[in-house]
Amino acid sequence: MVSSGSLDDRLGKIRLVVLDVDGVLTDGRLTFDSNGTEYKTFNVQDGYGLRKLQSMNVVIGIITGRDSPIVTNRASELDIRYVIQGATDKGETLSKLLNELSLSAEQSLFVGDDEPDLPAMRVAGITVAVANAVDVVKERADWVTVRNGGEGAVREVCDRLYVALT
């Protein structure tokens, strides 16, 4: 882990925040009804935090291994343009996104919770694990949130980043 002071300095350079979905934007539970319809619950405060960052010209992206129309809808509500679903290698996907946006790795922050997020965490300049992430992700993270995924962890990241950028 990086010391708080140097992390705050690095946060001031962030121009891209990329999020996993299940376990980060949601609590990680997958709910299906008897017809196979999937349900996800998102935290409205997380959404507000993301909007605040967008108002500061921070680009928000989503990289997830699953493919869900619910994610497409939520991203649309929040005007998140960069939504990559079905990603088999999140590190490669993040590298391509950085290239597309002409940003360096040091200008990116990735929030994850489980092993499929590790490749992206090797690419991002700053890595964040939600409080209920698996141990290997927490060990790799520059910062572990106090809040769990789907329970305000993203807002926690947004608020700290917002302060660092102002």
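Cut-off values and rules
Residues numbered from 1 in each chain as written. Predicted model: local features only at pLDDT ≥ 70, side-chain atom pairs only at ≥ 80, totals over all residues. Heavy atoms only, no water. Helix = DSSP H or I, 4+ residues; strand = E, 2+ residues; numbered from the N terminus. Rg over C-alpha atoms; globule rule 2.2 N^0.38 Å. Buried < 20%, exposed > 50% of the residue type's maximum accessible area, 1.4 Å probe, protein only. Contact = heavy atoms within 4.5 Å. Areas by Shrake-Rupley, 256 points an atom, 1.4 Å probe, with all protein chains shown as cover. Lys, Arg positive; Asp, Glu negative; His and termini not counted. Charge placed at Lys NZ, Arg CZ, Asp CG, Glu CD. Pairing = 2+ DSSP bridges. Right-handed = clockwise from strand over helix to strand, strands pointing away. Polar contact = N/O pair within 3.5 Å; in protein donor to acceptor, adjacent residues only side chain to side chain.

(A) How the structure looks around the overall build of the chain. Along its length, the chain carries 7 helices and 8 strands. Taken over C-alpha atoms, the radius of gyration comes to 15 Å for the chain, in line with the 15 Å a tight globule of 166 residues would show. Judged by the C-alpha coordinates and their principal axes, the chain covers about 50 × 30 × 30 Å. Looking at the chain residue by residue over its 166 residues, the buried ones come to 48%. For the chain, restricting intrachain contacts to residue pairs at least 6 apart in sequence, the fraction spanning at least 24 positions comes to 55%. Element-wise, carbon and sulfur atoms account for 46% of the exposed surface of the chain, whose accessible area totals about 7,900 Å². Averaged over its 18 positive side-chain charges, the chain has a centre that lies 5 Å from the centre of its 25 negative ones.

(B) Geometry of the pairing of strand 4 (residues 59-63). With 4 of 5 residues buried, strand 4 lies mostly within the body of the structure. Summarising the sheet, strand 1 (residues 16-19) and strand 4 pair through 4 bridges and their orientation is parallel. When the sheet's bridge partners are listed, leucine 16 is paired in strand 4 with valine 59. Here strand 4 runs beside strand 5 (residues 82-84); their pairing, made up of 3 bridges, is parallel. By the bridge assignment, isoleucine 62 is partnered in strand 5 with valine 83. Regarding topology, helix 3 (residues 69-77) serves as the crossover connection from strand 4 to the parallel strand 5, and that connection is right-handed.

(C) Spatial organisation of the side chain of glutamine 54. Relative to the helices and strands, glutamine 54 resides in helix 2 (residues 44-55). A polar contact is formed between the side chain of glutamine 54 and the backbone oxygen of aspartate 79, at a distance of 3.3 Å. Among all residues touching glutamine 54, those that are not within four sequence positions of it are Ile60, Leu78, Asp79 and Ile80.

(D) Highlighting unusual backbone geometry. Residues other than glycine seldom take positive phi values, yet aspartate 79 does so here, at roughly 55°. The topology assignment puts aspartate 79 in the loop between helix 3 and strand 5. Residue classification places aspartate 79 among the exposed positions, given a relative accessible area of 54%. Of note, serine 102 is a non-glycine position whose phi angle comes to about 55°, a positive value. The topology assignment puts serine 102 in the loop between helix 4 (90-100) and strand 6 (108-112).

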